[in-house]
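Structural description and commentary
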Amino acid sequence: MTQVDVLLGLQWGDEGKGKIVDVLSPQYDLIARFQGGPNAGHTLEFDGKKFVLNTIPSGIFNEKTMNLIGNGVVIDPIILKRELDNLKAAGHDPIAKGKLVIARKAHLILPTHQLLDAANEQRMGKDKIGSTLKGIGPTYMDKTGRNGLRVGDTTLPDFKERYNKLVEKHKEILSHYEFEYDLTEKEAAFFEAIEFIKSIPHVDSEHYVNGFLKEGKKVLAEGAQGTLLDIDFGSYPFVTSSNTTTAGACTGLGIAPNRIGNVYGIFKAYCTRVGGGPFPTELDDEVGENLRQVGHEFGATTGRARRCGWIDIPALKYAIMLNGVTELIMMKADVLDGFDTIYACTHYEHNGETIDYMPYDIISVKPTPVLKAIAGWKTDVTKINKVEEIPANLASYIAFLEKELEVPVKYLSVGPDRVQTLELI
Ligand code: GDP
Ligand code: IMO
Ligand code: MG
């Protein structure tokens, strides 16, 4: 049997997962999303075109690769339909080509889940999570609360009754908030999208993925969000509602832990975060603004400005440990092209001590990052396509990170396009 490789974010999301899954997809027979939902925005660029995927795996543009939306994903039928309509309009129709299947055990995001997300965030005021307002939290709550509706339920004769029962419950909860809403339009769009979703092949992802492995085929699990947004190990409560770590690929697809192969950990040459919560290396100054502008650090899903800061080595070490990362992928090196000096956080000072891990009370006490200065390369790297062309100072930045993190960097990304990718080892 072959094994499932996993690609996931080591920071707070938006590391460039979509781009790299697309680059790697020719090596795989199946790309499988295992958690999260349309809170994700995965950007791919090739041939002068740009696509943002929310629910659909990033292998969809590769002719020979199958794509699975796994049981651990939460699906908004309206958004999934829109994604597929957009792809069709752009001449890439995955349904016609039979390249997409969805897990019948994946949970559905209802319009009222989005309302609950919004009502909750509104009530929290300045303490809000900064959720994408896609209904992710309330949908996973209904999943673990054993109330949820699943893709497979859409084909049952009493689906509408089940829907009404859950919506009644949501309306009851919403009546306790001062929150105005009108469901009519959304509900019509929801049922139209449900009819469409029924036409996509439904599978049991556990049998589907293990079937690929038995036949010796290659599978890549595509993560969403990032390790520091993991429900258990992220900066709780400023996290998403799923396990974004390698373990999530097991439960989110139905594969055993010993079926996990390579784990690709992807990170930016600096760091970003969108939404609330701690960010020790955040630069709330013109340097941060410079990173934001040069790196186009605005959310692919919500358009929100991303908070920017220097790379955080203790946080990366933590993420590597949690995920069992075997190879690193460094993204957006080009964004640092213009800097005379860049910085890397090697430790924190916290409660009078020097520590090299993320402390539990990171929410209430901001650790002070201890920064190491690194000479910039002051070279445009966006057009380099050979390892020998990597400027010496960028090569030594990579070597420094490899030494600190004890994992090799396999790929280096120097621009958003597919072709701006170098294989280092
Ligand atoms: P994901 O959620 O991890 O797939 O990442 P996003 O798509 O949300 O954000 C990554 C952004 O950086 C997108 O706009 C990509 O097009 C862009 N991008 C990816 N790799 C690079 C790179 O190496 N350099 C630059 N400048 N942009 C990149
Ligand atoms: P991709 O896959 C970056 C953040 C939100 C918020 C928190 C909770 O593109 O990397 P949620 O809507 O999940 O309840 O929001 O998580 N968040 C992301 N940040 N990239 C993402 O996905 C994200 N998905 C959620 O901003 O802080
Ligand atoms: Mg994103």
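So, a few notes on the structure that sits alongside this text. (Residues numbered from 1 in each chain as written. Chains lettered and ligands numbered in written order. Predicted model: local features only at pLDDT ≥ 70, side-chain atom pairs only at ≥ 80, totals over all residues. Heavy atoms only, no water.)

**Brief notes about the nonpolar core**
Where we set the bar: We call a set of buried residues a nonpolar core when its members are Ala, Val, Leu, Ile, Met, Phe, Trp, Tyr or Cys and they connect through side-chain atoms within 4.5 Å of each other. The buried label goes to any residue with under 20% of its type's maximum accessible area, the exposed label to any with over 50%, and the partly exposed label to all in between, with areas taken from a 1.4 Å probe on protein chains only. Secondary structure elements follow DSSP: runs of H or I of four or more residues count as helices, runs of E of two or more count as strands, with numbering from the N terminus. Contacts between residues were defined by any pair of non-hydrogen atoms, one from each residue, lying within 4.5 Å.
Counting residues in each nonpolar core, the largest one holds 60 residues, and the members touching the most others are Met-330, Leu-336, Leu-394 and Tyr-397. Per-element tally for this core: the top contributor is helix α11 (residues 392–405), with 6 residues. If sequence neighbours within four positions are ignored, Leu-394 has contacts with Met-330, Ala-333, Trp-377, Val-381 and Leu-412. The next biggest cluster of nonpolar side chains, apart from the first, holds 38 residues, and it includes Phe-61, Ala-103, Leu-166 and Ile-200.

**Description of the site of ligand 2**
Note the cut-off: We call a residue near a given molecule or strand whenever any one of its heavy atoms falls within 4 Å of it. Definition of a polar contact: a pair of N or O atoms within 3.5 Å, with one able to donate and the other able to accept a hydrogen when the atoms are protein atoms, and with sequence-neighbouring residues admitted only if both atoms are side-chain atoms. Working definition of accessibility: Shrake-Rupley area with a 1.4 Å probe, residue cover restricted to the visible protein chains. Under the scheme applied, nonpolar residues are Ala, Val, Leu, Ile, Met, Phe, Trp, Tyr, Cys and Pro; charged residues are Asp, Glu, Lys and Arg; polar residues are all the others, including Gly.
Near ligand 2 you find 21 residues, and of these Asp-14, Lys-17, His-42, Thr-132 and Thr-240 are the closest. Asn-39 is positioned such that a nitrogen or oxygen atom in its side chain is 2.9 Å from an oxygen atom of ligand 2. In isolation ligand 2 has 550 Å² of accessible area, and contact with the protein removes 97% of it. When its residues are assigned to classes, the shell around ligand 2 shows 8 nonpolar, 10 polar and 3 charged.

**Let's talk about unusual backbone geometry**
The step from Tyr-236 to Pro-237 runs through a cis peptide bond, and the omega angle for that step is 5°. If you trace the backbone, Pro-237 turns up in the loop between β10 (219–222) and α8 (246–253).

**Some remarks on the sheet that holds strand β9 (residues 202–203)**
As a reminder of what qualifies: Strand pairing follows a simple DSSP-based rule, namely that at least 2 bridges must link the two strands. For helices, the fitted axis covers only the stretch in contact; all axes are lines through C-alpha atoms, and the angles between them, taken along N-to-C directions, range from 0 to 180 degrees.
With mixed pairing, the 10 strands of this open sheet are ordered in space as β9-β7-β5-β2-β10-β1-β11-β15-β19-β20. Two strands bound the open sheet, and with one partner strand each, they are β9 and β20 (421–423). Contacts from α11 reach β11 (260–268), β15 (327–331) and β19 (409–413) within the one sheet, and its direction differs from that of β15 by about 140°.

**Some remarks on helix α5 (residues 159–174)**
The cut-off we apply is this: Every helix has an expected span of 1.5 Å times one less than the residues it contains. Think of it as the arc spanned by the lines of direction from the helix axis to the C-beta atoms.
The terminal C-alpha atoms of α5 lie 22 Å apart, and with 16 residues this matches the ideal 22 Å at 1.5 Å per residue to within 8%. All of the buried residues along α5 are Phe-159, Tyr-163, Leu-166, Val-167, His-170 and Leu-174. Across the axial projection of α5, the buried residues extend over an arc of 105°, all falling on one side. Buried residues belonging to α5 abut β8 (107–108), α3 (111–124), α4 (136–144) and α6 (184–197).

**Re the site of ligand 1**
Around ligand 1 sit 20 residues, and of these Gly-16, Lys-17, Thr-43, Asp-334 and Ser-413 come closest. One of the backbone N or O atoms of Gly-18 is found 2.8 Å from an oxygen atom in ligand 1. At 2.9 Å from an oxygen atom of ligand 1 is found a side-chain nitrogen or oxygen belonging to Lys-332. Bound to the protein, ligand 1 loses 93% of the 590 Å² it would expose on its own.

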